[in-house]
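Tertiary structure, described
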Amino acid sequence: CFVKGKKFSFSKLKNTMKEKNHFKEVIEHKRNGKHLYLDSATRKIQDLEGNEKGFLELSYDVSKVYALNQEIEKLNDDVIYLLGSVAESRSVDTAKHLERVTQYAGILAKHIGMDTKEKKLLQRATPLHDIGKIAIPNRILQKPGRLTVDEFDMIKNHTTIGHNILTRVDSHIFEAAGKIAITHHERWDGNGYPFGLAKDAINFMGRIVAIVDVFDALTSKRSYKEEWSVDRAIEIIKPEREKQFDPLVYDTFFQHIDEIISMKAKI
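The notes below deal with the structure included here. (Residues numbered from 1 in each chain as written. Predicted model: local features only at pLDDT ≥ 70, side-chain atom pairs only at ≥ 80, totals over all residues. Heavy atoms only, no water.)

Brief notes about unusual backbone geometry
Note the cis peptide between tyrosine 193 and proline 194, where omega equals 15 degrees. Relative to the assigned elements, proline 194 resides in the loop between α7 (172–183) and α8 (204–218). Of note in the backbone geometry, lysine 199 takes a positive phi value of approximately 50 degrees without being a glycine. Positionally, lysine 199 belongs in the loop between α7 and α8. Overall, the relative accessible area of 48% leaves lysine 199 in the partly exposed class. (Helix = DSSP H or I, 4+ residues; strand = E, 2+ residues; numbered from the N terminus. Buried < 20%, exposed > 50% of the residue type's maximum accessible area, 1.4 Å probe, protein only.)

Structure below.
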């Protein structure tokens, strides 16, 4: 059986019972290829003198509720990708951009040491990082040449527009997505936009998305450029440690660049 996707440890249960006298968790059982989820509670039984007399365990089958929650989560993720794709579909050759950036961000989150909950939140929020582009005119998004100063200023607005759209929804996923949207173009040295934030003032998820977003943009075709090689992209990113990118995120990116390149080949 499993707890939160990990093999259930009876020794851990025993230690928990010694420390707290109780244990409560949803336990997953696998029987005949099917999943059974039990909301289980175990409590130590003691007599009036405090002597241990055994344990009382109560379990309730929540398999149907769990399955429904999983279905709702999948629907939420599908809607999130759909919303992100609406903005991305107006750019040239970016059909897989959301998926790649999301997978790259997940790789960095795993190796940086984010816990499962934080990593999942990052991966669910990342597809919405450029939702603000929905308000940018096609003549700018699809312009084949270099942008003017005024046009680039308009592009910059996609960060604040995205944040304003996302924070209208009362959801921890959209809240995280809003923070990523407004910070993924900030720079570690304070020379980014829209606010010129620096270092730890920049949301950590935004710092992760920043480097993988740049990597994917460099190695993808855009209206203003052809697809560049991974080697060329790496050479452009290399000088940006503690300039454009958080040094921890930068180091993790290069330590696991082979995994990122392998993921790129699969998408």
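We are not done yet, so read on.
Some thoughts on the packing of aromatic side chains
For the structure shown, the criterion picks out 5 aromatic pairs. Considering the side-chain rings of tyrosine 104 and phenylalanine 215, the 5.7 Å spacing of their centres and the 70 degrees angle between planes classify their relative orientation as edge-to-face. With tyrosine 104 in helix α3 (residues 97–112) and phenylalanine 215 in helix α8, this pair connects stretches of sequence that are 111 residues apart. Classification of phenylalanine 215 as buried rests on a relative accessible area of 0%. Relative to phenylalanine 254, the ring of tyrosine 250 has its centre 4.8 Å away and its plane inclined at 55 degrees; by these criteria the two rings are tilted. A residue pair is termed a helical-turn pair when its members lie 3 or 4 positions apart in one helix, as tyrosine 250 and phenylalanine 254 do in helix α10 (residues 247–255) at 4 residues. (Phe/Tyr/Trp six-rings, centres within 6.5 Å; stacked < 30°, edge-to-face > 60°.)

So, the nonpolar core
The nonpolar side chains of a soluble globular protein tend to be buried, and buried together. Ranked by size, the top nonpolar core spans 38 residues in total, and within it Leu108, Leu122, Ile211, Phe215, Ile237, Phe253 and Ile260 carry the most contacts. Residue assignment for this core shows that the elements contributing at least two residues are α2 (63–88), α3, α4 (116–125), α7, α8, α9 (230–237), α10 and α11 (257–266). Element by element, the count of residues in this core is highest for α8, at 7 residues. For isoleucine 211, the contacting residues outside a window of four places in its chain are Leu108, Ile237, Phe245, Val249, Tyr250 and Phe253. (Core = buried A, V, L, I, M, F, W, Y, C linked by side-chain atoms within 4.5 Å. Contact = heavy atoms within 4.5 Å.)

Focus: the pattern of salt bridges
Tallied over the entire structure, the rule returns 15 salt bridges. Notably, a salt bridge pairs arginine 100 with aspartate 216, separated by 2.4 Å at the nearest N-O pair. Of the two residues, arginine 100 sits in helix α3 while aspartate 216 sits in helix α8, which places them 116 residues apart along the sequence. Residue arginine 100 is classed as buried on the basis of its relative accessible area of 9%. Between lysine 179 and glutamate 175 there is a salt bridge, and its shortest N-O distance comes to 3.7 Å. (Salt bridge = Lys/Arg side-chain N within 4 Å of Asp/Glu carboxyl O.)

What to know about the environment of lysine 120
Considering the arrangement of structural elements, one finds lysine 120 in helix α4. We classify lysine 120 as partly exposed; its relative accessible area is 39%. With 11 residues separating them along the chain, lysine 120 and alanine 109 place their C-alpha atoms 9.2 Å apart.

Things to note about the pairing of strand β5 (residues 52–61)
Successive residues of a regular strand alternate their side chains across the two faces of the sheet. Strand direction decides the pairing type here: strand β4 (residues 34–46) and β5, joined by 9 bridges, are antiparallel. Opposite isoleucine 45, over in β5, you have glycine 54 as the bridge partner. (Pairing = 2+ DSSP bridges.)

Concerning α8
The end-to-end C-alpha separation of α8 is 22 Å, in line with the 21 Å expected for 15 residues at 1.5 Å each. Buried residues dominate α8, accounting for 13 of its 15 residues. Between the side-chain oxygen at the start of α8 and the backbone nitrogen of methionine 205 there is a gap of 3.0 Å, and the oxygen is on asparagine 203. (Expected span 1.5 Å × (residues − 1). Polar contact = N/O pair within 3.5 Å; in protein donor to acceptor, adjacent residues only side chain to side chain.)

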